[in-house]
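Inside the fold
Each chain is listed here by its residues.
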Amino acid sequence: MNTPAYAVTFACYNQIEYTRQCVDSLIKHGLDLSRLVVVDNGSTDGTREYLSTLPLGRLIFNKANLGCGVAWNQGALALQAEWTIVMNNDVLASPLWLENLINVAEQNQLKIISPALVEGELDYDFDDFVNQASAKMQMALRLGGRHAVCMAIHESVWQDIGYFQPIPKLRGYEDAVFFREVEKASIPCAITGASWLHHYGSVTQKIMKQERGLSQNDDLPDRRLSLRLLRQNWLERKLKKMLRIRQIRKWRDDELARYAMSMHVSRHNNHFRWQ
């Protein structure tokens, strides 16, 4: 794959061990760190010192936590490319994850594509799981699917709908607002079974809730602001949620019937749960 054709970016806020694991896995699977942009949102746990030792394409230090929307935009604009991969820092990569992600997108004329996921505890052999899963599901697509744990975004998307909402109070809803614009513009997207990541599970969101004295069930963002930007009334939101759940169940059931597994997996208590 042509190196200048892609750039990878993630935002981080403390949680240095997850960031270190993420970077190590990217290096292990061949990422050129000169194509990686990291935006640090005010870490105080040694993350900045660690990042400063890496030969990154760009390294941006924000004075405070400006949220994902601002950080993702900073990363995407700092190193512009045909494909920008926006991802979490609490993930582990797998062999050919990036090459397969972009190749499947180009083969199917997609403008946004996300990898399949295993989410939860890393109490299994991820590399062995991926070897089997990617072989079985390399042709599988969830057309219309996407998620913000990781998404490769074609440069034409920025021209069509712009970037992420740069509003710090949106923490946790930046992806929902962005995907709303994706839907309105009928931008083709999908999730592919040819590329896999392990996702520990919204680690930054959890620590931010702890800092604010919130339970893990509480909403972190300004909900009223988020709903206003989504421009959906109560009935529209309920209907969209119902249709989304129905579609996810259909994808899962079809994949289980064809592959005996699905491309969204949760891992808990030494068991896989197909979703």
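1. Some details on the packing of aromatic side chains
Applying the stated rule across the entire model yields 13 aromatic pairs. Taking 4.4 Å as the distance between ring centres and 5° as the angle between the ring planes, the aromatic pair formed by W158 and Y163 counts as stacked. Since its relative accessible area comes to 9%, W158 is described here as buried. On the basis of relative accessible area, Y163 is assigned to the partly exposed category, the value being 30%. Look at W158 and F164: their rings are 6.0 Å apart centre to centre, the planes differ by 70°, and that puts the pair in the edge-to-face class. Neither residue differs from the other here; W158 and F164 are each classed as buried. An aromatic cluster is present here, built from W72, W158, Y163, F164, F178 and F179 joined pairwise through their rings. The ring of Y50 has R20 lying over it, and the distance from NZ or CZ to the ring centre is 4.6 Å. For R267, the ring lying beneath its charged end belongs to F272, and the centroid distance is 4.2 Å.

2. Details of the pairing of strand 1 (residues 6-12)
Judged by how many residues are buried, strand 1 sits mostly within the fold: 7 of 7 residues are covered. Sheet analysis places strand 1 next to strand 4 (residues 83-87), joined by 5 bridges and oriented parallel. Bridged to V8 within strand 4 is I85. Here 5 bridges tie strand 1 to strand 2 (residues 36-40), and the two strands are oriented parallel to one another. Counterpart to F10 in the pairing with strand 2 is V38.

3. Here's the deal with the side chain of T192
For T192, the location among the structural elements is in strand 9 (residues 189-199). Once residues lying within four places of it in the same chain are set aside, the contact partners of T192 are L101, V104, I113, S114, P115, A116, Q138, A140, L141 and M263.

Reading guide: rules and limits
- Along each chain, the written sequence defines residue order, and numbers are assigned to residues from 1.
- Local features in this predicted model are restricted to residues whose pLDDT is 70 or higher, and side-chain atom pairs enter the listing and the counts only when it is 80 or higher, whereas totals over whole chains, interfaces and linings include all residues.
- With hydrogens and water set aside, each side-chain value is computed from the structure's full complement of heavy atoms.
- The aromatic pairing rule takes the rings of Phe, Tyr and Trp, using the six-membered ring of Trp, and pairs them if the centres are within 6.5 Å, calling planes under 30 degrees apart stacked, those over 60 edge-to-face and the rest tilted.
- Any residue under 20% of the maximum accessible area for its type is buried, any over 50% is exposed, and the rest in between are partly exposed; the area is computed with a 1.4 Å probe on protein chains only.
- Only when the NZ of Lys or the CZ of Arg is both within 6 Å of the ring centre and within 35 degrees of the ring normal is a charge said to sit over the ring.
- What counts as a helix is a DSSP run of H or I of at least four residues, what counts as a strand is a run of E of at least two, and both are numbered from the N terminus.
- Whether two strands pair comes down to DSSP finding at least two bridges between them.
- Contacts are assigned to residue pairs that have any heavy atoms within 4.5 Å of one another.

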